[in-house]
Amino acid sequence: QEQLVESGGGLVQPGGSLRLSCAASGSIFSISDMHWYRQAPGKARDLVAAIRRSGGTYYVDSVKGRFTISRDNAKNTVFLQMNNLKPEDTAVYYCNADPGWGTRHEVWGQGTLVTVSS
């Protein structure tokens, strides 16, 4: 019954912006820390940004100052605002919910593709 659905990916030029959304169904959102991961072709899935249910945030150094993670608890949605995009940001972006009860309880979205290219 728990499900995450990402949207907002697409093709953008370097320096452009995208806003990703992750909508949660079920009860997991309100009790979870939320994360955005990304996976580039041939690479491992890496953590990009995180937001605790209390609002505290984390960013990997490569996106700090360019990306902003936020959550709208009333809409059970987490966002990733991506500005000044670089070709190196090209990846499938995945939403993750972690209620803190162990890896088996984490929920993943299907991913949304972001391509940064001229």
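Described in the following lines is the structure provided in the data block. Computed from a predicted structure; not experimentally measured.

### Things to note about the side chain of Glu 6
Within the fold, Glu 6 resides in strand S1 (residues 3-7). Summary of buried charges: Glu 6 has no salt-bridge partner, and the nearest side chain of opposite charge, Arg 45, is 7.4 Å away. Here the side chain of Glu 6 touches Cys 95 through a polar contact of 2.6 Å, landing on its backbone nitrogen. Reaching out from Glu 6, the side chain makes a polar contact with the backbone nitrogen of Gln 110 at a distance of 2.8 Å. Dropping the residues within four chain positions of it, Glu 6 is found in contact with Ser 21, Cys 22, Trp 36, Tyr 93, Tyr 94, Cys 95, Gly 109, Gln 110, Gly 111 and Thr 112.

### Regarding the state of the cysteines
Inspection of every chain in the model, using the stated rule, returns one disulfide. Between Cys 22 and Cys 95 runs a disulfide, and the two sulfur atoms are separated by 2.1 Å. Around the S-S axis, the bridge from Cys 22 to Cys 95 shows a dihedral of about -85° and counts as left-handed. Placement of Cys 22 in strand S3 (residues 18-25) and of Cys 95 in strand S9 (residues 91-98) is noted, with a sequence separation of 73 residues between them. Each member of the pair, Cys 22 as well as Cys 95, carries the same accessibility label: buried.

### Structural notes on unusual backbone geometry
The phi dihedral of Asn 76 falls on the positive side, at around 50°, and the residue is not glycine. Structurally, Asn 76 is set in the loop between strand S7 (67-72) and strand S8 (77-82). We classify Asn 76 as partly exposed; its relative accessible area is 23%. With phi around 50°, Asn 84 is a residue other than glycine that occupies positive phi space. On the secondary structure map, Asn 84 appears in the loop between S8 and S9.

### Observations concerning the side chain of Thr 77
If you trace the backbone, Thr 77 turns up in strand S8. Of note is the side chain of Thr 77, whose polar atom sits 2.9 Å from the backbone oxygen of Lys 75. Among all residues touching Thr 77, those that are not within four sequence positions of it are Ser 21, Cys 22, Ala 23, Phe 29, Ser 70, Arg 71 and Asp 72.

Conventions adopted
- Residues numbered from 1 in each chain as written.
- Predicted model: local features only at pLDDT ≥ 70, side-chain atom pairs only at ≥ 80, totals over all residues.
- Heavy atoms only, no water.
- Helix = DSSP H or I, 4+ residues; strand = E, 2+ residues; numbered from the N terminus.
- Buried < 20%, exposed > 50% of the residue type's maximum accessible area, 1.4 Å probe, protein only.
- Lys, Arg positive; Asp, Glu negative; His and termini not counted.
- Salt bridge = Lys/Arg side-chain N within 4 Å of Asp/Glu carboxyl O.
- Polar contact = N/O pair within 3.5 Å; in protein donor to acceptor, adjacent residues only side chain to side chain.
- Contact = heavy atoms within 4.5 Å.
- Disulfide = S-S within 2.5 Å.

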